[in-house]
Amino acid sequence: MADSWRNWAGNQRADGLTVVSPPDAGGIADAVRAAAAAGRRVTALGSGHSFSGIGRPEDVALRLDRHAGLVDVDDAGLATVRAGTPLHRLDAELAARGWALTNLGDIDRQTVAGALSTGTHGTGARFGGLATQVRALELVTADGEVLRCSPGEHPDVLSAARVGLGALGVLSTVTLQAVPAFALRADEGPARLPDLLERFDEVMTATDHVEFYWFPHTDRCLLKRNTRVPLDELAPLSRARALWDDEVLANAGLAAVVAAGRRVPALVPPLARFSARALGARTWTDAAHRVFVSRRRVRFREMEYAVPRAAAPEVLAELRRVVDAGPHRVAFPVEVRVAAADDVPLSTASGRDTAYVAVHVPARTEPGAYFRAFEAIAGAAGGRPHWGKEHGLDAAALAGRYPRFGEFTALRARLDPAGVFANAHLDRVLGPVGAGVGQA
């Protein structure tokens, strides 16, 4: 059937698609073989939470909602899950069995496949992104083969496909290393940006998971510190407090600021100062997945760059100078997180301890000069753009940011020589299949 698609933010759209909903790996393989034989491109659909064109389908769209659910968790915590499973469903199914993922991002609407393919991460100086929890996977390749990958079987594919951009094949199942379920004690409260930048490394390593949100046009931040504790220490927020803080202040309040700023841009700086002064402190403890995740009801567009952790204070200081000096009216806070170095070829934290800086604009706004200014600042520090978020780099530029870029593109050329899994965005960021950009 012909169908249309749009992402969560509404800035990526496609029409005239053939949409297929295979129930299992065999159905995925059949759909891929049929598309390849007809010379058509195939894209596996996630939840549409990417802001870049990485998941934009062009011909055949595979909807994996029928291929979802937890398959098994063994006594060692190895959890095998179908790739179309949303993270929030996986979290609930693991929790019911006494397990949890060791780290999560702040959105849980993505599918497992989509989150892995775009390099989703959370925060924590000792913790890597979701890809570092992968122990095995099943990949449907361009010729319809179902490739089972583990440390002892196709280890090179396993290494690269942990963050595969959808360019190597269609993930069918993934085995993740879970940990015994745990809780997080959340300490949240106001802080000043100059203080955080002066003591950046000390602040971001003070406990297990630290992040902060800077309110542009002010020197104010919301600092969040989460400490891992046993489940028997639960002390969750009351329903009334959670509703007030997370729905009224965080979502409805931000929506009001965005709406007012859209009508009268000059109101954004005073409203930012008002919002920052309204920040209060709170401490609470709940199951880890309930603390990691935040509800995002105000739609936006996002650019996020991963920079060497030591470079983050100067990147943020320069971004503040640009915002203060320029015409930008920035209604959304800037999000700052950290992660440990990993060994995944196209992970944004590959080979280096990393800080993540994310900037946002309202969903129906063109980011224009604000995103370009931030991209230039992050680029000067050797920043790597998040694969699922907006950026302007191409394969030639990205090859210089990733020491193992050629290893990945060579594997792509071997697994998908005809570009069955390509789209216009992947042709830009990886180069057309076989073009040799960055290849070893």
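That block above? That's the structure.
Here we summarise the structure given alongside this text. (Residues numbered from 1 in each chain as written. Predicted model: local features only at pLDDT ≥ 70, side-chain atom pairs only at ≥ 80, totals over all residues. Heavy atoms only, no water.)

**Description of the pattern of salt bridges**
Link 1 in the chain: Applying the stated rule across the entire model yields 30 salt bridges.
Link 2 in the chain: Here E188 and R282 are joined by a salt bridge, their closest N and O atoms 2.8 Å apart. Of this pair, E188 sits in strand β12 (residues 183-192) while R282 is found in strand β15 (residues 282-287), placing the two residues 94 residues apart along the sequence. As far as the burial class goes, E188 and R282 line up, both buried.
Link 3 in the chain: R301 is paired through a salt bridge with E390; the nearest N and O atoms lie 2.8 Å apart. Of this pair, R301 sits in strand β16 (residues 300-308) while E390 sits in the loop between β19 (384-385) and α12 (395-399), and the two are 89 residues apart along the sequence. Both residues of the pair, R301 and E390, belong to the buried class. (Salt bridge = Lys/Arg side-chain N within 4 Å of Asp/Glu carboxyl O. Helix = DSSP H or I, 4+ residues; strand = E, 2+ residues; numbered from the N terminus. Buried < 20%, exposed > 50% of the residue type's maximum accessible area, 1.4 Å probe, protein only.)

**Focus: the sheet that holds strand β14 (residues 220-229)**
Link 1 in the chain: The sheet built from 8 strands is open, its strands ordered β15-β12-β14-β13-β17-β18-β16-β19 with antiparallel pairing. Among the strands making up the open sheet, the edge pair consists of β15 and β19.
Link 2 in the chain: Here strand β13 (residues 209-214) pairs with strand β17 (residues 334-339) via 3 bridges, running antiparallel. Note that in β17 the partner of W214 across the bridge is V334. (Pairing = 2+ DSSP bridges.)

**Brief notes about the packing of aromatic side chains**
Link 1 in the chain: This structure, assessed with the given rule, holds 8 aromatic pairs.
Link 2 in the chain: Pairing W8 with F51 gives two aromatic rings, centres 6.2 Å apart and planes at 85°, and the pair type is edge-to-face. Here F51 lies in the loop between β3 (42-45) and β4 (60-63) and W8 lies in the loop between β1 (2-6) and β2 (13-20), a separation of 43 residues in the sequence.
Link 3 in the chain: On the basis of an interplanar angle of 80° and a centroid distance of 6.0 Å, the ring pair of Y305 and F374 is categorised as edge-to-face. Of this pair, Y305 sits in strand β16 while F374 sits in helix α11 (residues 368-380), and the two are 69 residues apart along the sequence. (Phe/Tyr/Trp six-rings, centres within 6.5 Å; stacked < 30°, edge-to-face > 60°.)

**Let's talk about helix α2 (residues 87-96)**
Helical geometry note: an α-helix holds 3.6 residues per turn, so side chains three or four residues apart project in the same direction.
Link 1 in the chain: Of all the residues in α2, the buried ones are L87, L90, D91, E93 and L94.
Link 2 in the chain: Of the surrounding elements, those touching the buried residues of α2 are β5 (70-73), β6 (78-82), β7 (99-100), α3 (112-117), β10 (170-177) and α9 (288-292).
Link 3 in the chain: Two residues or fewer after α2 comes G98, characterised by a positive phi angle close to 85°. (Contact = heavy atoms within 4.5 Å.)

**Focus on the pairing of strand β18 (residues 354-362)**
Link 1 in the chain: A large share of β18 lies buried, amounting to 9 of its 9 residues.
Link 2 in the chain: One ladder, built from 5 bridges, connects β17 with β18; its direction is antiparallel. From the neighbouring strand, R337 faces β18, where its bridge partner is Y356.

**With respect to unusual backbone geometry**
Where the residue is not glycine, phi is negative for most of them; where a peptide bond is considered, it is trans in most cases.
Link 1 in the chain: Its identity is not glycine, yet H154 carries a phi of approximately 55°, on the positive side.
Link 2 in the chain: Topologically, H154 is positioned in the loop between β9 (146-149) and α4 (155-161).
Link 3 in the chain: Classification of H154 as partly exposed rests on a relative accessible area of 34%.
Link 4 in the chain: In this structure, H217 is a non-glycine residue whose phi angle is positive, near 75°.
Link 5 in the chain: Note that H217 resides in the loop between β13 and β14.
Link 6 in the chain: Residue classification places H217 among the buried residues on the basis of a relative accessible area of 13%.

**Observations regarding the packing of helix α10 (residues 312-325) against α11**
Link 1 in the chain: Between α10 and α11, the least distance of the axes is 10 Å, while the angle of their chain directions is 150°. Of the possible angle classes, the one that applies to α10 and α11 is roughly antiparallel. The handedness of the crossing between α10 and α11 is right-handed. Contacts from V315, E318, L319, V322 and V323 in α10 reach Y370, A373, F374 and I377 in α11. (Axes fitted to C-alpha atoms, helices over the stretch in contact; angles between N-to-C directions. Parallel < 35°, antiparallel > 145°, perpendicular 65-115°, else oblique. Left-handed = near helix turned anticlockwise from the far one by under 90°.)

**Quick look at the sheet that holds β10**
Link 1 in the chain: Ordered by their spatial adjacency, 5 strands build an open sheet running β5-β6-β10-β8-β9, and the pairing between neighbours is antiparallel. Strands with a single pairing partner mark the edges of an open sheet, and in this sheet they are β5 and β9. Each neighbouring strand pair of the sheet contributes to a mean axis angle of 15°, computed without reference to strand direction.
Link 2 in the chain: In this structure, β5 lies alongside β6, joined through 3 bridges in antiparallel fashion. Bridge pairing in β6 links D72 to T80.

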